[in-house]
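# Examination of the molecular architecture
The primary structure of each chain is shown beneath.
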Amino acid sequence: MTDEQTSTYAGPQRVFSGIQPTGNLHLGNYLGALKKFAMLQDAGWDCVYCVVDLHAITMPYDASALASQTRQIAAAMMASGVDPEKSVLFVQSSVRAHTELTWVFDSVARMGWLEKMIQFKEKSGKDAERASVGLFNYPVLQAADILAYKATHVPVGEDQKQHLELSRNIADRFNRDFDAPDFFPLPEALIEGPGARIMSLKDGTKKMSKSDPAENSRINLIDDADTIARKIKKSKTDTLGDMPSDTDGLEGRPEVANLVGIYGALADMSDEQVLAEYGGKGFGTFKPALAELAVDHLAPITARMRELMDNPGDIDAALRIGADKANAIAEPIMEEVRQIVGFWRP
């Protein structure tokens, strides 16, 4: 928050987050997002969760597969513990407030803010002029996603903190430009607990990614038990010896640190607790234990996810109800926005 950004927002505390329907969700998505979505819901937060299909079309994609991939993300959320009766679960494009508020925010945000966004530079590569305007404008839509529900908290990874800061800047600028103090909250990041950043099984310096061409770099939520065990047993470690006895020994050993972090996140243990149990032991002992833990933890989720995918009508019904709930929150907020910015109202 800058010196100018002060907020005494007194509205309800609400969580918002979304996941793109691109590629297969993996262990990193589960530990870094889905598991925490369910935990926040069960802790009593007012939660709004979204499959962000509008974001998915900012890069080249297969239009014929988008609806199916959208259902798959919703199925993964529900299989991971997100309850459509406790949380609002819906598809982004089914709520028009997202796009309408984006246009309003386009007139509030500044080009200089967007030009600093690291993810645009990374995704557009060397030929940024050929990237879509949607990719450049992605962070403004992200701000609209959050603020259409006046969400106060967003569970994010470290790589999304810059986008959240932009959302805060846009909310603050809107409030000041239109003399509407505290109309929008300045959303805060929720970065807590283990599993916030799961790395590749093949390179401990790179984040586990849906787009990595190396299939063995990640554990997909739809992988069967044998595949999970095989990927963990083949995961990269190093030649520096057995498991370290304390966390200082993880320094300079990113692949080992990643496996320890995965074990801890699955078992709800700290790195210290994991090393107290496995320190000094060989990877021939630790990897099978990690594989067994991962299979035991993920198997029920995978089974439920496959069951839901076999019954797409059930997914669609839940998403339609969720869209109605989301619209019921967002539309009154949008009506206030229209009045604040001076639009003619019938």
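Residues numbered from 1 in each chain as written. Predicted model: local features only at pLDDT ≥ 70, side-chain atom pairs only at ≥ 80, totals over all residues. Heavy atoms only, no water.

## Observations concerning the overall build of the chain
Of regular secondary structure, the chain possesses 13 helices and five strands. On C-alpha atoms alone, the chain measures out to a radius of gyration of 21 Å, which is about the 20 Å that the 2.2 N^0.38 rule sets for 346 residues. With the C-alpha coordinates of the chain rotated into their principal frame, the extents come out at 70 × 50 × 45 Å. Taking all 346 residues of the chain together, the buried fraction comes to 50%. Contacts in the chain between residues far apart in sequence, at least 24 positions, make up 77% of those at least 6 positions apart. When the accessible surface of the chain is summed, it comes to about 16,100 Å², and 51% of that surface belongs to carbon and sulfur atoms. Averaging the coordinates of the 37 positive side-chain charges in the chain and doing the same for the 50 negative ones gives two points 4 Å apart. (Helix = DSSP H or I, 4+ residues; strand = E, 2+ residues; numbered from the N terminus. Rg over C-alpha atoms; globule rule 2.2 N^0.38 Å. Buried < 20%, exposed > 50% of the residue type's maximum accessible area, 1.4 Å probe, protein only. Contact = heavy atoms within 4.5 Å. Areas by Shrake-Rupley, 256 points an atom, 1.4 Å probe, with all protein chains shown as cover. Lys, Arg positive; Asp, Glu negative; His and termini not counted. Charge placed at Lys NZ, Arg CZ, Asp CG, Glu CD.)

## Notes on the packing of aromatic side chains
According to the stated counting rule, one finds twelve aromatic pairs in the structure shown. Ring geometry for Tyr263 versus Phe286: centroids 5.7 Å apart, planes at 35 degrees, classification tilted. Separated by 23 residues along the polypeptide, Tyr263 in helix α10 (residues 254-267) and Phe286 in helix α12 (residues 283-309) bring together distant segments of the chain. Exposure class is identical for Tyr263 and Phe286. Each is buried. Here a set of aromatic residues connected by ring pairs shows up, and it is made of Phe105, Phe174, Phe178, Phe183 and Phe184. The side chain of Lys150 reaches across the aromatic face of Phe183, ending 3.8 Å from its centre. (Phe/Tyr/Trp six-rings, centres within 6.5 Å; stacked < 30°, edge-to-face > 60°. Lys NZ or Arg CZ within 6 Å of the ring centre and 35° of its normal.)

## Section: the packing of helix α1 (residues 27-42) against α12
Closest axis-to-axis distance for the α1/α12 pair is 13 Å, and the angle between their directions is 80 degrees. By the criterion of interaxial angle, the relationship of α1 to α12 is roughly perpendicular. Mapping the contact onto sequence places Leu27, Tyr30 and Lys35 in α1 and His297, Leu298 and Ile301 in α12. Tallied by class, residues from the contact of α1 with α12 come to four nonpolar, one polar and one charged. (Axes fitted to C-alpha atoms, helices over the stretch in contact; angles between N-to-C directions. Parallel < 35°, antiparallel > 145°, perpendicular 65-115°, else oblique. Nonpolar A, V, L, I, M, F, W, Y, C, P; charged D, E, K, R; others polar.)

## Some remarks on the pattern of salt bridges
All chains considered together, the criterion is met by 16 salt bridges. Between Arg14 and Asp46 there is a salt bridge, with the nearest N and O atoms lying 2.9 Å from each other. Highlighted residues: Arg14 in strand β1 (residues 14-19) and Asp46 in strand β2 (residues 46-51), separated in sequence by 32 residues. The class of Arg14 is buried, set by a relative accessible area of 11%. (Salt bridge = Lys/Arg side-chain N within 4 Å of Asp/Glu carboxyl O.)

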